[in-house]
Amino acid sequence: MSVKEAAPVVSAPRTSPPPPRPKAGQRAWDDVPRWQIYLPLSVYLLFTLIPFYWILLFALRPTGSTSLVPWPMTFDHFEKVWTEREFGTYFQNSVLVGVATLVMTTLVALAGGYALARFNFKIKRAFMLGLLCSQFVPGALLLVPLFEIFAKIQMINSLGSVIIAETVFQLPLSIILISNFIKNVPPSLEEAAWVDGCNRLTAFRIVVLPLLRPGLIAVGSFAFVHSWNHFLFALMFLNNPEKQTIPVGLNTLMGADSVDLGALAAGGIIAAVPVVLVFAFIQKWLITGFSAGAVKG
């Protein structure tokens, strides 16, 4: 008599229960222990603030002091760089260059970005490729041709040469950013304004421009900060001390044989305060500008 072999019993594979879904209004990282978030941030903040404290220490403590606390506190270094080292003139020149670069970069980038976002022409892709490739060219390579151009039109030792150079250097990236912001604005909004009797310029000013505020602030702030901190153009195109900017003024505080650390630290604080104030004032619009991805009509 044949005996049938028993079929092997296959047990169902054990599956781990799915992870609990976050409740409504609860984010995925809300269950992470707080110390795992605050500890790395505290370490990063410590390494970031130590150099700033060190600069503040040298700027506020008397010359020759080795104390780790700025006490007794003195403002002699600030008075020295502002009056004897003519940092007041450098500060005024830097503000003029920064504001003029901000305005010119924003206006030209706004016009170029609108053309790229709303019009189609034959060399559009080649033009975009040229803008992107220009970002790989270091600014030092532009010094010689720009110097020759400004020398022929007699703009050497003029703040206008630095403003033009900074604007040209900032335009490619600014145009690309502004064009992406304009693409996020539905063309139907402009078309509705055209139906109501507005021309293209009026429709752009009334409908599109208010929606571009975060993008314009982001582009303008970076143009201002870059022109404020840039050293090469001001060093090469400005020979008169009365025309120089803060980065060049800081360079004059470092001698061949010795460095006045107190004056250099005070000058660094004077150079950093406007940038910090600008970012503190516009941080809300700056974050919104970078995170903008869609516009609901």
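For the structure, check the block above.
These numbers come from a predicted model, not from an experiment.

A. Region of interest: the overall build of the protein chain. Of the regular secondary structure elements, the protein chain holds 12 helices and zero strands. The secondary structure elements of the protein chain, listed N-terminal to C-terminal, are α-α-α-α-α-α-α-α-α-α-α-α. Out of the 297 residues in the protein chain, the part that is buried amounts to 32%. Partitioning the intrachain contacts of the protein chain with sequence separation of at least 6 by distance along the chain shows that 72% fall at a separation of at least 24. Counting only carbon and sulfur atoms, one obtains 68% of the accessible surface of the protein chain, whose full area is about 19,500 Å².

B. Seen up close, the packing of helix 4 (residues 124-134) against helix 6 (residues 159-183). Running from N to C, helix 4 and helix 6 point in directions that differ by 130 degrees, and their axes come no closer than 8 Å. It follows that helix 4 is oblique to helix 6 by the angle criterion. Crossing angle aside, the handedness with which helix 4 passes helix 6 is left-handed. Residues Met128, Leu131, Leu132 and Ser134 of helix 4 pack against Pro172, Ile175 and Ile176 of helix 6.

C. Summary view of the nonpolar core. Ranked by internal contacts, the top residues of the largest apolar core, which has 20 residues, are Ala59, Phe78, Val81, Phe87, Trp228, Ile246 and Leu250. Those elements that place two or more of their residues in this core are helix 1 (34-60), helix 2 (76-84), helix 3 (87-118), helix 9 (213-229), helix 11 (246-252) and helix 12 (261-291). Among the elements that take part in this core, helix 12 stands out by supplying seven residues, more than any other. Once residues lying within four places of it in the same chain are set aside, the contact partners of leucine 250 are Phe87, Leu264, Gly267, Gly268 and Ala271. One finds Leu116, Leu171, Ile176 and Phe204 within the second-largest nonpolar core, a separate group that totals 18 residues.

D. The packing of aromatic side chains, seen in detail. Counted by the stated rule, this structure contains 13 aromatic pairs. Relative to phenylalanine 78, the ring of phenylalanine 75 has its centre 6.2 Å away and its plane inclined at 45 degrees; by these criteria the two rings are tilted. Judged by relative accessible area, which is 51%, phenylalanine 75 ranks as exposed. Considering the side-chain rings of phenylalanine 91 and tryptophan 228, the 5.5 Å spacing of their centres and the 85 degrees angle between planes classify their relative orientation as edge-to-face. Here phenylalanine 91, found in helix 3, pairs with tryptophan 228, found in helix 9; they are 137 residues apart in sequence, far enough to count as distant. An aromatic cluster of at least three residues, connected via ring pairs, comprises Phe147, Phe150, Phe169, Phe233 and Phe237.

E. Quick peek at the pattern of salt bridges. For the coordinates displayed, the defined rule picks out one salt bridge. Across the pair glutamate 190 and arginine 118 runs a salt bridge, and its minimum N-O distance is 2.6 Å. Note that glutamate 190 is positioned in helix 7 (residues 187-195) and arginine 118 in helix 3, a separation of 72 residues in sequence. The pair formed by glutamate 190 and arginine 118 is uniform in burial state, with each residue classed as buried.

F. Highlighting the packing of helix 7 against helix 8 (residues 200-211). Relative orientation of the contacting elements helix 7 and helix 8 amounts to 140 degrees, with a least axis distance of 9 Å. When the interaxial angle is binned, helix 7 and helix 8 end up oblique. For the element pair helix 7 and helix 8, the recorded crossing hand is right-handed. Every residue of helix 8 that contacts helix 7 at Leu189, Glu190, Ala193 and Trp194 is listed here: Arg200, Ala203, Phe204, Val207, Val208 and Leu211. Looking at side-chain class alone, the contact of helix 7 with helix 8 contains eight nonpolar, no polar and two charged residues.

So, how was this worked out
Residues numbered from 1 in each chain as written. Predicted model: local features only at pLDDT ≥ 70, side-chain atom pairs only at ≥ 80, totals over all residues. Heavy atoms only, no water. Helix = DSSP H or I, 4+ residues; strand = E, 2+ residues; numbered from the N terminus. Buried < 20%, exposed > 50% of the residue type's maximum accessible area, 1.4 Å probe, protein only. Contact = heavy atoms within 4.5 Å. Areas by Shrake-Rupley, 256 points an atom, 1.4 Å probe, with all protein chains shown as cover. Axes fitted to C-alpha atoms, helices over the stretch in contact; angles between N-to-C directions. Parallel < 35°, antiparallel > 145°, perpendicular 65-115°, else oblique. Left-handed = near helix turned anticlockwise from the far one by under 90°. Core = buried A, V, L, I, M, F, W, Y, C linked by side-chain atoms within 4.5 Å. Phe/Tyr/Trp six-rings, centres within 6.5 Å; stacked < 30°, edge-to-face > 60°. Salt bridge = Lys/Arg side-chain N within 4 Å of Asp/Glu carboxyl O. Nonpolar A, V, L, I, M, F, W, Y, C, P; charged D, E, K, R; others polar.

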